[in-house]
Amino acid sequence: MDTIVADYVEIPWQRAVISVDQFTKPDITEIFSSADRLSVSRTTPLGGKTIANLFYEPSTRTSSSFHAAMTKLGGNVIPINEVKYSSVSKGETLEDTIRTLECYTDGIVLRHYDDDATERAVSVSSVPIINAGNGAGEHPTQALLDLYTIQREQGQIDGLTVTLMGDLKYGRTVHSLTKLLRQFDVRLQFVAPDELRLPRTYLQEGDTEHSNLRTAIAHTNILYVTRVQKERLPGAIDIDCDYAVTSEHMERARDDMALLHPLPRVGEIPSYLDSDPRSAYFRQMKYGMYVRMALLVAMLGGA
């Protein structure tokens, strides 16, 4: 293929993870079952396999999570976390970089600042591509691990009230998670300032929007918080909003609520809440490694 893939939903996710739109409910069940097994397994089904972590944007959690997942499975990783120091600085295109790396690897994990980067990579690659975040678009593996965290923390997904708070306009993790949650019987609440409200295309009948958490938290089972994506704000916009979870909020919250955050946090959740048993964001990181292990095994043909 020499053109950008237009209908990526038709591409099997085992060939390329581009968007959460590719995943059906049975797919999700399969991935989560595999993650459960791999969380207690000591097997190395990807021995001899190699992936490239190709990151055009800064990353700590996603890049190290994929790195840890691959090495725990017995495979190898070519880490490229400072693309600005690579041949890109000489003017190399994304397509040529992908064509080069596929010569050395069995799969490529790609984070890029362009919304269409993953589709462009898939259009020229003969090895599986995993979208590790594309611009303000999607972050499908983060959404899968978020959903897996919800299941692990609550024991179920159907019947829950999920509240998403923070930068809902530019936060790609929120966009992907919202799409996945639509496959389940959940009630969604969105909390954000007017400038950062969820794009209308993601809203459906029955959703509720709030300007502050106090009005939404009482019946919340899952509170998912994100930081303001200042690096994605248009140059003329400078939003200084204080959408932080406080001890007062937690006093009003359910005893069995789970507090999630994709991290990094920059004040949305104060460190004094880390000791609250409802704070699940560091457990969320470990769950994420298991989900990425499951994806890698399925995509790279592990036994």
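Everything here concerns the structure above.
Notes on the structure follow. (Residues numbered from 1 in each chain as written. Predicted model: local features only at pLDDT ≥ 70, side-chain atom pairs only at ≥ 80, totals over all residues. Heavy atoms only, no water.)

Moving on, we get to the side chain of Asp276. Turning to its location among the elements, Asp276 is positioned in the loop between strand S10 (258-260) and helix H8 (281-300). Its relative accessible area of 14% is what places Asp276 among the buried residues. A polar atom in the side chain of Asp276 sits 2.8 Å from the backbone nitrogen of Arg278. (Helix = DSSP H or I, 4+ residues; strand = E, 2+ residues; numbered from the N terminus. Buried < 20%, exposed > 50% of the residue type's maximum accessible area, 1.4 Å probe, protein only. Polar contact = N/O pair within 3.5 Å; in protein donor to acceptor, adjacent residues only side chain to side chain.)

Our focus in this paragraph is the environment of Leu223. Structurally, Leu223 can be placed in strand S9 (residues 222-225). For the pair Leu223 and Val162, spaced 61 residues apart in sequence, the C-alpha separation works out to 6.1 Å. Apart from the residues lying within four places of it in its own chain, the contact partners of Leu223 are Thr163, Met165, Leu213, Ile217, Val245, Met257, Ala258, Leu259 and Leu260. (Contact = heavy atoms within 4.5 Å.)

Pairing is parallel in the open sheet, where five strands are placed in the order S1-S5-S4-S2-S3. The two strands at the open ends of the sheet, each matched to only one other strand, are strand S1 (16-17) and strand S3 (76-80). With five bridges joining them, strand S2 (residues 50-55) and S3 adopt parallel strand pairing. Each bridged residue has a counterpart across the sheet, and for Asn53 the counterpart in S3 is Pro79. (Pairing = 2+ DSSP bridges.)

Here we take up the packing of aromatic side chains. In total, this model carries five aromatic pairs according to the counting rule given. Ring centres 5.6 Å apart and planes at 35° place the aromatic pair Trp13 and Phe23 in the tilted group. On the criterion of sequence distance, the pair formed by Trp13 in the segment before S1 and Phe23 in the loop between S1 and helix H1 (25-39) is long-range, its members being 10 residues apart. Exposure class is identical for Trp13 and Phe23. Each is buried. With a centroid separation of 6.2 Å and an interplanar angle of 80°, the aromatic rings of Tyr56 and Tyr113 are classed as edge-to-face. Note that Tyr56 is positioned in the loop between S2 and helix H2 (61-72) and Tyr113 in the loop between strand S4 (107-112) and helix H4 (117-124), a separation of 57 residues in sequence. Residue Tyr113 is classed as partly exposed on the basis of its relative accessible area of 45%. (Phe/Tyr/Trp six-rings, centres within 6.5 Å; stacked < 30°, edge-to-face > 60°.)

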